[in-house]
Each structure stands twice: as structure tokens, then as C-alpha cells.
Amino acid sequence: MMTYDEPLVWVTLILMLFGMVMVYSASIALPDSPKYANYKNTHFLIRQGLFVLLSVMAAAFAFRVRIETWQKVAPYLFVATLILLVMVLIPFIGKGVNGAKRWISLKVINLQPSELMKLFMVLYAADYTVRKQQYMHKLTKGFLPMLAAVGLVGLLLLLEPDLGAFGVIVCIAMGILFLGGINGVWFGGIAATLVGIFTMVILLSPWRRERIFAYLSPFDDDHALGKAYQLTHSLIAFGRGELFGVGLGASVEKLHYLPEAHTDFLLAVIGEELGFVGVLTVILLFYFLVKRAFEIGRQAIALDQTFAGLTAKGIGLWIGVQTFINMGVNLGLLPTKGLTLPLMSYGGSGVMINCVGLAILLRIDYENRVMMRGGRT
């Protein structure tokens, strides 16, 4: 038996390196536009390479931290990230891009607290479920405190606004509570309530409502050049790619037709340049990651390591849900949301936190293997 999950490491590295190639391809023409006129063609490639290098270093450090230690610091990390979410909303601290204030500038890199919250919500929800196991079937002591924590996070994210990150975090928290054995009646009731809240948020926000209408009929004259502009050009990109694509680097949609092609709509460029085969390959790689996370989690729970098991499954939920939403948006299955493709899209915070999360998953697998050999962690 190996001491670590080698296929998981290779799949993660392949996704990051493939992402670098596609980020370079999607961004190479951006300096032709006035917005990026001072940038070099390799600007985003070099920065993404730096992000990947820093992410691997952060992951190597995270792997060396025992799962027991992660459990002890989970509440403190959660509270610290809440403070960062508040800081984002403070003038002259939070950095705005395209009308949303989601970043804190650290000069070298822009820190996005919502990305941190995704990982720390996994750790906090897993720790909470273990600590409150005897109260999980009670509303007041079991579910309401967690609901209040998620509600506070949601309020801060909606003020940015970042409905996509809020959706992912709600799925993580609810998923871990469900796996941890929460009362089925309360779970169903609260899930229905959350659906109602999301619906009300959309209905009470005119621009979100317009996005929904545009998503339902993107090629209407009223929508194609407005709220559905990104979606229509994303669908055109997939249509041009057909089975094997037009060839690496030969995308037309990335030539200032498809906005944010190197971030939220990277899959559309993959679809155009590498076709259905390229998109299917990416889907299968992510499927392997999510499947492996749940297998590692199941093994940890079988070894009576409940926190480790719930954390592993929570990481699988996080990667799986965010990947599904990003791909759904690109393919027109879901309304447009500002969520990146994990490990692949351009961005420092996202790639780094994804890597740290997968490093924790590798650590859980490592400790499982040590325990199965009869050793101690």
C-alpha cells in the first residue's frame, strides 16, 4: 500500500496544468483591447503559473498538518474569515471589480474571502456536526445555531454581492449536516425554506430577475446583446467546437466576443478549441476527484474518524457543486453566476484554496492508510 493517493495527486496536477494552458489560450488576445492595453500577451499565463506554484507550496504545508489540528482550529478559522468578509465591505479596504466588492488587495495577490469561507465552512460544519452529534435531531440545539452561522455568512455575501458563493456554501453546510445524521423532517423543511429565500432574493432584485428571463430565452432580440450576451457567445463557442474542436489556440469567441473567457467561461473556450472530447475529459477528471473524496470519507468513517470522514465528503461536495454550477452556466443549464471552474480558471485565491482543500483530503487518506497498517497518526 502506498503512503498517499498517487492518482489523486496526478489528476489535480493535470487539471491545474491544463488550466494554465487554457488560461493562456483564452487570454492571449486580451492586450488588443483598451482595458488590457498595457498588459503583455503572457501576463495572465505568468500570474497563473505563479499562483499554481504558490498553491502547491501552500498545499504541501497543509498536508503536514494533522487532521486533529484542523478540527481544533476550525471554529477560529471560521470566525477569522467572517471578519474578512466584513472587511471586504469597508470602503478603501474592499476592492471592487465589475460592480462587486469581493476582494482585499494584498498587492501581489487579491484575497477573496468567499473562497476561504468555502473551505472553512467544510471544516466548521464537520466539527459542529461531531460536537453536536447528540443534538442533531433537535431543532434548537442542533440545527438553529448552524442555520444562524450560515445565515450570517449569506448576509455578508449578498452584500458584496456574491449569490453564487452563497449557494455553494449553503450546499456544503446542508450536505454535511445531512451526512452527519440531522433529523430528516427538519432538513426537508429548512431546505424548502432556503429555496424560498433564494427565490425571493431573485424576485426582489431586478437585475437578477432579468438574468433569469435572459437565461430562459437567451437568443431573443431583447436579451442576446444584453443580459444573455455571455451565454449566447458561450453557446456559440460550444457549437463551433463540435466533436473535436477547431484546434488549440484557434478559438474565435475569445477574441473579445466572450467576456471573462479566462475566468468564469474557460470551459466554453475548451469546448470551442477541443470540442466535446475536451469537455468530456474535464468532466471525467472532476468526476474522479469527487468520487475519490467520497471514498476517502467513507473509509475514514469506517475507521471511526467522523470529523475526517465528513471533511473529506464536504470537500467532495464543494468541488462537485462548484464544478457543476460553472459547467451548467457555461452550457446554458443554469443562470449566469460568477463562479470559477475549480483548479483551472484564472485566479489566485480560488486555485490556492482548492489546492489546500485537496491537500487536506490527501492528509485524511494518508492517515487512513497509516491506521489501516496499525500505525498511529
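The structure this text deals with has already been given above.
Description of the structure in this document.

The rules behind the values
- Residues numbered from 1 in each chain as written.
- Predicted model: local features only at pLDDT ≥ 70, side-chain atom pairs only at ≥ 80, totals over all residues.
- Heavy atoms only, no water.
- 1 Å grid on protein atoms, 1.4 Å probe; cavity = no way out; pocket = protein on both sides within 12 Å on 5 of 7 lines; lining within 4 Å.
- Points joined across faces, edges and corners; volume = space filled by probe spheres on them.
- Helix = DSSP H or I, 4+ residues; strand = E, 2+ residues; numbered from the N terminus.
- Expected span 1.5 Å × (residues − 1).
- Contact = heavy atoms within 4.5 Å.
- Phe/Tyr/Trp six-rings, centres within 6.5 Å; stacked < 30°, edge-to-face > 60°.
- Lys NZ or Arg CZ within 6 Å of the ring centre and 35° of its normal.
- Buried < 20%, exposed > 50% of the residue type's maximum accessible area, 1.4 Å probe, protein only.

A closer look at the layout of surface pockets
Once rolled over the atoms, a probe with the size of a water molecule shows which space is left empty.
Okay, step 1: Considered as a void within the structure, the second largest pocket measures approximately 620 Å³ in volume.
Okay, step 2: Only helix H6 (163–179), helix H7 (184–203), helix H8 (206–216) and helix H12 (306–330) provide two or more residues apiece to the lining of the second largest pocket.

Digging into helix H10 (residues 229–241)
Okay, step 1: Look at H10: 19 Å from first C-alpha to last across 13 residues, which is about the 18 Å you get at 1.5 Å a residue.
Okay, step 2: Of the residues trailing H10, Glu 242 is marked for its positive phi of about 50°.

Brief notes about the environment of Phe 198
Okay, step 1: Within the element layout of this structure, Phe 198 appears in helix H7.
Okay, step 2: Residues Phe 198 and Phe 166 lie 32 residues apart in sequence; the distance between their C-alpha atoms is 9.9 Å.
Okay, step 3: If sequence neighbours within four positions are ignored, Phe 198 has contacts with Leu 163, Phe 166, Gly 167 and Val 170.

Some thoughts on the packing of aromatic side chains
Okay, step 1: Tallied over the entire structure, the rule returns 8 aromatic pairs.
Okay, step 2: Between Tyr 124 and Tyr 128, the aromatic rings sit 6.3 Å apart at their centres with planes inclined by 40°, giving tilted as the arrangement. Taken together, the residues span about one helical turn, with Tyr 124 and Tyr 128 both in helix H4 (residues 113–131) at a distance of 4 residues.
Okay, step 3: Here the guanidinium or amino end of Arg 363 rests over the ring plane of Phe 63, the centre of that ring lying 6.0 Å away.

What about unusual backbone geometry?
Okay, step 1: Positive phi is not limited to glycine here, since His 256 has a value of about 70°.
Okay, step 2: Here His 256 shows up in the loop between H10 and helix H11 (266–302).
Okay, step 3: Even without a glycine there, the phi angle at Glu 260 is positive, about 55°.
Okay, step 4: Residue position: Glu 260 is located in the loop between H10 and H11.
Okay, step 5: In this structure Glu 260 comes out as partly exposed when scored by relative accessible area, which is 24%.

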